[in-house]
Amino acid sequence: MAIRNLRLDEDPILRKKSRPITDINERIKTLADDMLETMYQAEGVGLAAPQVGVLRRIITVDIGEGAYVMINPEILEQEGEVVDSEGCLSFPDVTGYVKRPKKIKVKYTDLDGEDHEIEGEDLMARCVCHEVDHLNGIVFVDKLCEPTEVNYEK
Ligand code: NI
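Heads up: these notes are all about the structure in this document. (Residues numbered from 1 in each chain as written. Predicted model: local features only at pLDDT ≥ 70, side-chain atom pairs only at ≥ 80, totals over all residues. Heavy atoms only, no water.)

1. Examining the pattern of salt bridges
Opposite charge on two side chains permits them to pair, given that their charged atoms come into close proximity. Counted under the stated rule, the structure contains eleven salt bridges. Residues aspartate 34 and arginine 4 are paired through a salt bridge, measuring 2.8 Å at the closest nitrogen-oxygen approach. Here the residue aspartate 34 occupies a position in helix 1 (residues 26–41), and arginine 4 occupies one in the segment before helix 1, the gap between them amounting to 30 residues. Measuring nitrogen to oxygen at the nearest pair gives 3.9 Å for the salt bridge that ties lysine 107 to glutamate 74. Remark: glutamate 74 occurs in strand 3 (residues 68–79) and lysine 107 occurs in strand 6 (residues 103–109); sequence separation between them is 33 residues. In this structure lysine 107 comes out as partly exposed when scored by relative accessible area, which is 33%. Through salt bridges with shared partners, a single ionic network connects Glu86, Arg100, Arg126, Asp133 and Lys143. (Salt bridge = Lys/Arg side-chain N within 4 Å of Asp/Glu carboxyl O. Helix = DSSP H or I, 4+ residues; strand = E, 2+ residues; numbered from the N terminus. Buried < 20%, exposed > 50% of the residue type's maximum accessible area, 1.4 Å probe, protein only.)

2. So, unusual backbone geometry
We note that asparagine 72 has phi near 50°; this positive angle belongs to a residue other than glycine. Even without glycine at this site, aspartate 122 takes up a positive phi of about 50°. Among the residues examined, aspartate 122 registers a relative accessible area of 34% and is labelled partly exposed.

3. Comments concerning helix 1
For helix 1, spanning 16 residues, the distance from its first C-alpha to its last is 22 Å, which sits close to the expected 22 Å at 1.5 Å a residue. Among the structural elements, strand 1 (46–48), strand 2 (58–61) and strand 3 are those in contact with the buried residues of helix 1. By the N-cap criterion, in which a side-chain oxygen at the helix start approaches the backbone nitrogen of a residue two or three places on, helix 1 is capped by asparagine 25, the distance to arginine 27 being 3.2 Å. (Expected span 1.5 Å × (residues − 1). Contact = heavy atoms within 4.5 Å. Polar contact = N/O pair within 3.5 Å; in protein donor to acceptor, adjacent residues only side chain to side chain.)

4. A look at the nonpolar core
Counting residues in each nonpolar core, the largest one holds 15 residues, and the members touching the most others are Ile59, Met70 and Val128. Listing elements by their share of this core, those giving two or more residues are strand 2, strand 6 and helix 2 (123–135). The element that contributes the greatest number of residues to this core is helix 2, accounting for seven residues. Those residues in contact with methionine 70 that lie beyond four places of it in its chain are Arg57, Ile58, Ile59, Val106, Tyr108, Thr109, Ile118, Met124 and Val128. (Core = buried A, V, L, I, M, F, W, Y, C linked by side-chain atoms within 4.5 Å.)

5. Some details on helix 2
Between its first and last C-alpha, helix 2 extends 19 Å over 13 residues, near the 18 Å set by a 1.5 Å rise per residue. Most of helix 2 is tucked away: twelve of the 13 residues are buried.

6. Details of the environment of glutamate 86
Tracing the chain through its elements places glutamate 86 in strand 4 (residues 82–87). Judged by relative accessible area, glutamate 86 falls into the buried class, the value being 7%. Sequence separation of glutamate 86 and tyrosine 108 is 22 residues, and the distance between their C-alpha atoms is 23 Å. If we skip the residues at most four places from it in the chain, glutamate 86 touches Val94, Thr95, Gly96, Val98, Arg100, Arg126, His130 and Phe140. There is a polar contact of 2.7 Å between the side chain of glutamate 86 and the side chain of arginine 100.

7. What about the sheet that holds strand 4?
Read across the sheet, three strands follow the order 4-5-8 without closing on themselves; strand pairing throughout is antiparallel. Taken across any chain shown, the strands that pair with only one partner, and hence form the sheet edges, are strand 4 and strand 8 (144–145). Of the strand pairs in this sheet, strand 5 (residues 95–100) and strand 8 are connected by two bridges, and their pairing is antiparallel. Opposite valine 98, over in strand 8, you have leucine 144 as the bridge partner. Contacts from helix 2 reach strand 4 and strand 5, with the element oriented near 60° to strand 4. (Pairing = 2+ DSSP bridges. Axes fitted to C-alpha atoms, helices over the stretch in contact; angles between N-to-C directions.)

Quick look at the structure:
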């Protein structure tokens, strides 16, 4: 495993769309291992491949409930809205409020090629949505809103 360099701020790769993964080969497995190591070392809760310079659809997530490696993640359903504060390892100097779904259902493939559908709420939903945005070249600084929009229903 190895720590990879994080792409930061105005790096144009962060604005590009990632391609689906069709073959879960050794390169992808090494990428996943490196992404987890890089994410933990930086004390992040999520990371997307473009943030380490790879335009492929793979994300890692660990909100403190165990690690997920999600290949070709797709948000199938979303429910509710929560505005909460958010950051990103690619924008170390920025935190801000972003509106995200309260609850999502996400479909993905794991490193063994098995398909999964799981539900996530609150931080898990926020994190998966943030990382899937990265795969589409969307970064959270584009979505900042005022904290006055906070939805107290959460
Ligand atoms: Ni991010």
